[in-house]
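Spelled out from the first residue to the last, the chains are:
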Amino acid sequence: MGLGQGIREAGRGARLRRGLLVAGAVAAVAVVPSAALATPGSGVSGTVLAKGTSDGKMKIKPPKGDTDVVVRTITIAPGGSTGWHHHPGQLVAVVQAGTLTRTLDDCSVEVTATGQAFIEPSGGKHVHIGRNLGTEPVVLYVTYLLPEGAPLSVDEPAPACAQR
């Protein structure tokens, strides 16, 4: 083996060692938990009030301009109802207990059970009523996204299909 070939092989060995060293460092960083890079919290606690799962994607559309965000618990007694109404802004709801039966403006019915979530769209074209047809109270946790200063809901007459 000549001197030139020995130098080339020594250079390849150094590059190989350097490559292995870099690969090892990358692998070590990849297995270190990312929480190790976070700063720990102090004096903070939280309580999950409700958790629900939606059917499919949830499309949230906050109002244009300033938004009032209101979080509310609603309880509907057995046999009770919300009355026909619409919301000036969209809302996200989780059924914490019971089963909520909603009749929409086209008189289609949506039933949402404990542990499920849903969105109600905003505006007068989305009139609906919520009913508790069960024997236990329905408990809802609702987050409203309202135009600033708007009421939570607006009373409406029953649609024609519901008056038959």
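Below you will find a few notes about this structure. (Residues numbered from 1 in each chain as written. Predicted model: local features only at pLDDT ≥ 70, side-chain atom pairs only at ≥ 80, totals over all residues. Heavy atoms only, no water.)

1. What about the side chain of N132?
Topologically, N132 is positioned in the loop between β7 (128–131) and β8 (138–147). There is a polar contact of 2.9 Å between the side chain of N132 and the backbone oxygen of I76. A distance of 3.4 Å separates the side chain of N132 from the backbone oxygen of A77, its partner in a polar contact. Look past the residues within four positions of N132 in its chain and what remains in contact with it is I76, A77, P78, G79, G80, T99, P137 and V138. (Helix = DSSP H or I, 4+ residues; strand = E, 2+ residues; numbered from the N terminus. Polar contact = N/O pair within 3.5 Å; in protein donor to acceptor, adjacent residues only side chain to side chain. Contact = heavy atoms within 4.5 Å.)

2. Focus on the pattern of salt bridges
Applying the stated criterion across every chain, the model contains two salt bridges. In this structure, the salt-bridge partner of E110 is R102, at a minimum N-O distance of 2.6 Å. The partly exposed category is assigned to E110, whose relative accessible area is 35%. Between R102 and E120 there is a salt bridge, and its shortest N-O distance comes to 3.4 Å. One end of the pair, R102, is in strand β4 (residues 99–104); the other, E120, is in strand β6 (residues 117–120), with 18 residues separating them in the sequence. On the basis of relative accessible area, R102 is assigned to the buried category, the value being 4%. Each of R102, E110 and E120 takes part in a single network of salt bridges with overlapping partners. (Salt bridge = Lys/Arg side-chain N within 4 Å of Asp/Glu carboxyl O. Buried < 20%, exposed > 50% of the residue type's maximum accessible area, 1.4 Å probe, protein only.)

3. Let's talk about the nonpolar core
For soluble globular proteins, the rule of thumb is that nonpolar side chains tend to be buried together. Of all hydrophobic cores here, the largest spans 12 residues; its members are I74, I76, L91, A93, V95, L100, F118, V138, L140, V142, Y144 and L146. For this core, the element with the highest residue contribution is β8, accounting for five residues. Contacts of A93, omitting those with residues within four sequence positions, involve Q116, A117, F118, Y141 and V142. (Core = buried A, V, L, I, M, F, W, Y, C linked by side-chain atoms within 4.5 Å.)

4. Some details on the state of the cysteines
As enumerated under the stated definition, the model contains one disulfide in all. The residue that forms a disulfide with C107 is C161, at a sulfur-sulfur distance of 2.0 Å. Taking the torsion about the S-S bond as the criterion, the C107 to C161 disulfide, at about 90°, is right-handed. Remark: C161 occurs in the segment after β9 (154–155) and C107 occurs in the loop between β4 and β5 (109–113); sequence separation between them is 54 residues. Given a relative accessible area of 27%, C107 falls into the partly exposed group. For C161, a relative accessible area of 21% translates into the label partly exposed. (Disulfide = S-S within 2.5 Å.)

5. Section: the environment of V95
Positionally, V95 belongs in strand β3 (residues 90–97). C-alpha separation for the pair V95 and T114, spaced 19 residues apart in sequence, amounts to 4.9 Å. Among all residues touching V95, those that are not within four sequence positions of it are L100, T112, A113, T114, G115, Q116, F118, V139 and L140.

6. Let's talk about the layout of surface pockets
The calculated volume of the largest pocket comes to roughly 400 Å³. Around the largest pocket sit 21 residues that line it, and R102, E110, F118, I119 and E120 are the ones nearest its centre. The biggest single contributor to the lining of the largest pocket is β6, with four residues. When grouped by side-chain class, the residues that make up the lining of the largest pocket number eight nonpolar, six polar and seven charged. By volume, the second largest pocket is sized at about 240 Å³. For the second largest pocket, the lining is made up of 19 residues, of which I74, T82, H85, H87 and Y144 are closest to its centre. Elements represented by at least two residues in the lining of the second largest pocket include exactly β1 (67–76), β3, β4, β6, β7 and β8. Across the lining of the second largest pocket, the residue classes break down as nine nonpolar, six polar and four charged. (1 Å grid on protein atoms, 1.4 Å probe; cavity = no way out; pocket = protein on both sides within 12 Å on 5 of 7 lines; lining within 4 Å. Points joined across faces, edges and corners; volume = space filled by probe spheres on them. Nonpolar A, V, L, I, M, F, W, Y, C, P; charged D, E, K, R; others polar.)

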